Amino acid sequence: MDRKTFEKNIIEYMKMHSMMNSFSSKEKIKGVVLGVSGGADSVALLSFFIACKSEINSELRIRVVHVNHMIRGEEADSDQRFVENLCEKLGVEYKVYKENIPAMAAEMNMTEEEAGRNFRYKVFRENALELEQETGGECRIAVAHNKDDLAETVLYNMIRGSSILGLAGIKPVRERIIRPLLDTPRVELEAYLEELGQDYVTDSTNLDTEYTRNKIRHLIMPEIKKLNSGAVDHIADVARDALELGDDISNIVSNDKTVKENPVGEYTYPDGRKQVIYDKQEISIAVLSSLPRIARGEVVLEAIERVCGRRKDITREHIRQVCELVWKENGKRVNLPYGMVASRVYDRIVIKNVSSGESRETDDKNEGRIVITEMTFSDHMEISKKEYTKMIDCGKIKSTLVLRKPSPDDYIVISKNGGSKKLSRYFTAEKVERDRRQDIPVVADGDEIVWIVGMRLSERYKVGPDTEKVAVIDYVKN
């Protein structure tokens, strides 16, 4: 493909997804922030915007932002110098950020990949806002994800257990962020740079197959392409279908107005995005039950996100349990992450945060139930030593606390350094008779045991110096 055809295809793709259209007026976009690492994809993105600026907007202000993650030592510094020199040669304004991402990841208890991504998008947004103030118009953030990235992300999401909507992979547009190269294969980007005589750098971490995404890129995708050379195109088609389905469902959700709003605050994601928080959300059961099954799940997920501010840790199982409240009697409730509860209240489902001092009860199949009371922790608060009452750190709860019988995969943390033991081995060490073990109720957080009722509390969930909120768990026999 020649250079002009390459550039024309990208411009048409940008027009198809209104990437440079204003959200609020008919004025042209005044500026764009380009995330440039120095790799082939981002250098091709920069080269495209320089070559096609007059067609996009001759007055468009372009700013390159480069982030040195301080992961690869001299190699990362060399990449930084490459981007600086390239921008100087092209006469493009640029900003460089040097951030110790490994230290940030350790401090925030996340992977280096996640910490790096959050920091990058945070500074991208800061620069976009700065450009908007300076130009007096709207600005966009352009990143260089390509068609191969899209296919790899779809596979990655499938492996992790994505819903059908998750197969959309990477969206062409999300808020200010645009992805002009998303319909362009990586091989065409490299050919474009070769025709321009433009070199680029290669990040050595992109070759390390210890990372899941790199395993998909370097080990799995080549085998898939052997089966069908058009595999990337076909996977991208599935992503496009999932994206359109998601848009249709969003329209259903917004038109039915099943969710009542009462904003009470705002949650800021680590990457700078903001989400309005509501004290509760109410979903009409009549409307919810009339929707297609996939749409019901999206309505519930949106309502949950509006209450807690995020979707992380909200699983397919949580959504299923909330949807099933439609067919349960009044008063039934489901515990959700981040201290939320979903309840059947007559003709609606109410999702809300449990306020300090309010109790959450769980239904179970044991000869008893648990009552969980959340409250703010203070130093003078006495830690309960009662046999059937325990206090744990709310911040350490990963999903939903459930009272149930033991299962084969259960384990409990027994030492302060994180050492764990299979529940079966713990019972053996404590000389619990085998025929009694299934009768001992446990409070579980997934496969991890929080409390063996009447016996032991997990070391991981104990209250400590950093505890801010606690959950008091009372086991009540029926």
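Just above, that's the structure.
Everything quoted here is computed from the prediction, not taken from an experiment.

A.B. asks: Before we go on, may I ask you to explain the pattern of salt bridges in this structure?
C.D. replies: Where charged atoms of side chains with opposite charge meet at close range, the side chains can pair. Here the structure, examined in full by the defined rule, presents 41 salt bridges. Salt-bridge contacts for Arg63 lead to Glu93; the nearest nitrogen and oxygen are separated by 2.9 Å. Note that Arg63 is positioned in strand 2 (residues 61–68) and Glu93 in strand 3 (residues 93–98), a separation of 30 residues in sequence. Residue classification places Arg63 among the buried positions, given a relative accessible area of 3%. In this structure Glu93 comes out as partly exposed when scored by relative accessible area, which is 29%. Of the charged contacts in the structure, one is a salt bridge between Glu152 and Arg186, with a shortest N-O distance of 3.6 Å. One end of the pair, Glu152, is in helix 6 (residues 147–160); the other, Arg186, is in helix 7 (residues 186–196), with 34 residues separating them in the sequence. In this structure, Glu152 and Arg186 share a single accessibility class: buried.

A.B. asks: Just checking my understanding: could you explain a nonpolar patch on the surface for this structure?
C.D. replies: On the surface, Ile159, Leu219 and Ile220 cluster together into a nonpolar patch covering about 280 Å² of accessible area. You can see Ile220 is positioned in helix 8 (residues 212–227).

A.B. asks: Which parts of the structure should I look at to understand the sheet that holds strand 1 (residues 31–35)?
C.D. replies: Sheets are built from strands paired through backbone hydrogen bonds, the pairs being either parallel or antiparallel. An order of 3-2-1-4-6-5 is seen for the 6 strands of this open sheet, with the pairing classed as mixed. Two strands close off the open sheet at either side, each with one partner strand: strand 3 and strand 5 (173–174). Looking at chain direction, strand 2 and strand 3 are connected through 6 bridges and run parallel. Directly across from Val65, in strand 3, lies its bridge partner Lys95. Its contacts with the sheet place helix 3 (residues 74–90) against strand 2 and strand 3, and it is angled at close to 170° to strand 2.

Rules behind the numbers
Residues numbered from 1 in each chain as written. Predicted model: local features only at pLDDT ≥ 70, side-chain atom pairs only at ≥ 80, totals over all residues. Heavy atoms only, no water. Salt bridge = Lys/Arg side-chain N within 4 Å of Asp/Glu carboxyl O. Helix = DSSP H or I, 4+ residues; strand = E, 2+ residues; numbered from the N terminus. Buried < 20%, exposed > 50% of the residue type's maximum accessible area, 1.4 Å probe, protein only. Patch = residues over 30% accessible without salt bridge, like charges linked within 9 Å, V, L, I, M, F, W, Y side chains within 5 Å. Areas by Shrake-Rupley, 256 points an atom, 1.4 Å probe, with all protein chains shown as cover. Pairing = 2+ DSSP bridges. Contact = heavy atoms within 4.5 Å. Axes fitted to C-alpha atoms, helices over the stretch in contact; angles between N-to-C directions.

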